[in-house]
Amino acid sequence: MSTLQAIDPTTGRLTTEVPAASPDEVSALLARAEEAYPAWRERTFAERAEVLRAVARVLRERSEELAPLMTREMGKPLSEARGEVEKAAWCAEHYAQHADQYLADEHIASDATESWVQYLPLGPVLGILPWNAPFWLALRFSAPALMAGNTAVMKHDPHVPACAAALEEVFRAAGAPEGVFQALQTTTENVEAAIRDPRIRAVSFTGSDRAGATVAAVAASEIKPAVLELGGSDPFVVLADADLEKAAEVAALSRIINAGQSCIAAKRIIVERAVHDEFVTLLTEQLAALVVGDPSQESTQVGPIAREDLRENLHRQVRASIDAGATCVLGGELPQGDGFFYPVTLLTDVDDSMTVCTEETFGPVAAVVAVDDAEAAIALANDTPYGLGAALWTETGRGTAMARRIEAGQVSVNGIVKTDPRLPSGGIKRSGYGRELGPHGIKEFVNAQQVWVGPSTA
């Protein structure tokens, strides 16, 4: 029997092992999702909201049990893990409160006596999720899907099996009907069959662009809608008129949240040459002060990389860039000892041909590129196959005008790029398609049904 295993990235030792669902068990789970759907879709928004609010309550009540699961299985510092549980609860509450408004009928004048669009659920939706934000991403996927009247099947990353099981238990404790939300604990090779299964009506995927392309191809071959939130190489543009101290503070935070293992982290820090040296000094101070260590300790700000293979790839990217001429101001060396730690690293004298610019870096590595002016900054910001998020630091009016020229799904002017249940997020180019969150996200997995009522008035 195959199993799903989680290795504690702090120690390098096995922390969780659970049996992987067989093809027959996968089929039985999908059958439960389909059986639960008719009754769930007939519930009113208020009745569904009651369950989602209970989910939020259970998440908060169990925060001190749930947060350490992330710390053990993927190395998230405890303070960040608690914040993630709270954010997941917020997402559940947000859709409980606003789903009926987001999905209200839209009356549109036509040649009918009356005509409108109504938003109806599709059926069981499969969410295929990564390891880097186990609780937040689960609610980002499931809260809008469930409030729209769909049932949710969560196929979590095989490296966070305890987190996946705990999420299912949260919904059970909140009183969700059997089959409405389920954790599909299976191996990657069984996922294609689940996508193709006729009981699954739509797919939400978060992960790498390479895996996303595979998921998209399978879903398209079955003519099923999909939302893809993929990788990013987000630019963080600092122009000469920026508040440099604040920009350096936010750049450091954006780069090291979750040890830098975030799709929307600041990955290419593009600085106008006139303020480059001053900004690098400020950024160095911010990064050098960060505490790297055991994520179970309250003082730790940067924990380990989630897996050994990910750390090896990150180090390859850093060394290749240094070999190509980048200057290593901080970090850049593999530490000795247990676990998969990587030092906070700052590279300067970077150009757009180096690995840290051409590939997505998933770790606490900041790469600073100097440019002559704002036009060069925009050109470099867009010179990437990705288009997830971007940050612009400049005078506010100038920044909002520049945002229209940035090729990304979301742009933050003088602030950190983040996800928020109230606002849609997603990417373009190889960062994916479709949107999650906000009023746009809940409309991804519904039938926008046109209703025309006669007689004609033409």
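Right above here is the structure, for reference.
Computed from a prediction, not measured in an experiment: that's the story for all the values here. (Residues numbered from 1 in each chain as written. Predicted model: local features only at pLDDT ≥ 70, side-chain atom pairs only at ≥ 80, totals over all residues. Heavy atoms only, no water.)

Caption draft 1: The arrangement of the side chain of Glu73 in detail. As for its placement among the helices and strands, Glu73 is situated in helix α3 (residues 63-74). Look at Glu73: it is buried, it has no salt bridge, and the nearest opposite charge is Arg72 at 7.1 Å. Among the polar contacts made by the side chain of Glu73, one reaches the side chain of Thr16 at a distance of 2.9 Å. Polar contacts involving the side chain of Glu73 include one to the main-chain amide nitrogen of Ala162, which spans 2.8 Å. Setting aside anything within four residues of it in sequence, one finds Glu73 in contact with Ala6, Ile7, Pro9, Thr15, Thr16, His159, Val160, Pro161, Ala162 and Cys163. (Helix = DSSP H or I, 4+ residues; strand = E, 2+ residues; numbered from the N terminus. Buried < 20%, exposed > 50% of the residue type's maximum accessible area, 1.4 Å probe, protein only. Lys, Arg positive; Asp, Glu negative; His and termini not counted. Salt bridge = Lys/Arg side-chain N within 4 Å of Asp/Glu carboxyl O. Polar contact = N/O pair within 3.5 Å; in protein donor to acceptor, adjacent residues only side chain to side chain. Contact = heavy atoms within 4.5 Å.)

Caption draft 2: The nonpolar core, seen in detail. If you look at the biggest cluster of nonpolar residues, it comprises 100 residues, and the most contacted ones within it are Leu59, Leu139, Phe236, Phe279 and Leu287. A per-element tally of this core places helix α4 (residues 78-102) first, with 11 residues. Within the second largest apolar cluster, 28 residues are counted, among which are Val356, Ile378, Leu392 and Ala408. (Core = buried A, V, L, I, M, F, W, Y, C linked by side-chain atoms within 4.5 Å.)

Caption draft 3: Inspection of the sheet that holds strand β12 (residues 327-330) at higher detail. On the basis of which strands lie adjacent, the open sheet formed by 7 strands has the order β12-β13-β14-β11-β10-β15-β16 and mixed pairing. Since the sheet does not close on itself, it has two edges, and those belong to β12 and β16 (410-413), each with one partner. Pairs of neighbouring strands in the sheet enclose a mean axial angle of 20 degrees, with direction left out of account. With respect to the sheet, helix α13 (residues 374-382) is in contact with β10 (235-238), β11 (268-272) and β14 (365-371), its orientation differing from that of β11 by roughly 165 degrees. (Pairing = 2+ DSSP bridges. Axes fitted to C-alpha atoms, helices over the stretch in contact; angles between N-to-C directions.)

Caption draft 4: Expanded view of the packing of α4 against helix α5 (residues 134-147). Two elements in contact, α4 and α5, have axes whose closest approach is 8 Å; the angle formed by their N-to-C orientations is 10 degrees. By the criterion of interaxial angle, the relationship of α4 to α5 is roughly parallel. In contact with Glu84, Lys87, Ala88, Cys91, Ala92, Tyr95, Ala96 and Ala99 of α4, α5 contributes Pro134, Phe135, Trp136, Leu139, Arg140, Ala143, Pro144 and Met147. The residue makeup of the contact of α4 with α5, split by class, is 13 nonpolar, no polar and 3 charged. (Parallel < 35°, antiparallel > 145°, perpendicular 65-115°, else oblique. Nonpolar A, V, L, I, M, F, W, Y, C, P; charged D, E, K, R; others polar.)

Caption draft 5: Representation of the environment of Arg196 in the model. Relative to the assigned elements, Arg196 resides in helix α7 (residues 191-196). Using a relative accessible area of 31% as the deciding quantity, one classes Arg196 as partly exposed. In this structure, the C-alpha to C-alpha distance between Arg196 and Glu333, residues 137 residues apart in sequence, is 45 Å. Apart from the residues lying within four places of it in its own chain, the contact partners of Arg196 are Val218, Ser221, Glu222 and Lys224.

Caption draft 6: Looking closely at the sheet that holds strand β17 (residues 432-433). Spatially, 6 strands are ordered β7-β6-β5-β8-β9-β17 in an open sheet, and the strand pairing comes out mixed. Every other strand in the sheet has two partners, leaving β7 (181-183) and β17 as the edge strands with one partner each. Of the strand pairs in this sheet, strand β6 (residues 151-155) and β7 are connected by 3 bridges, and their pairing is parallel. Bridged to Val153 within β7 is Gln182. Strand contacts of helix α1 (residues 23-42): β5 (124-128), β6 and β7, with the helix running at about 155 degrees to β6, the strand carrying the most contacts.

Treat this as a map of the structure, not an account of what it does.
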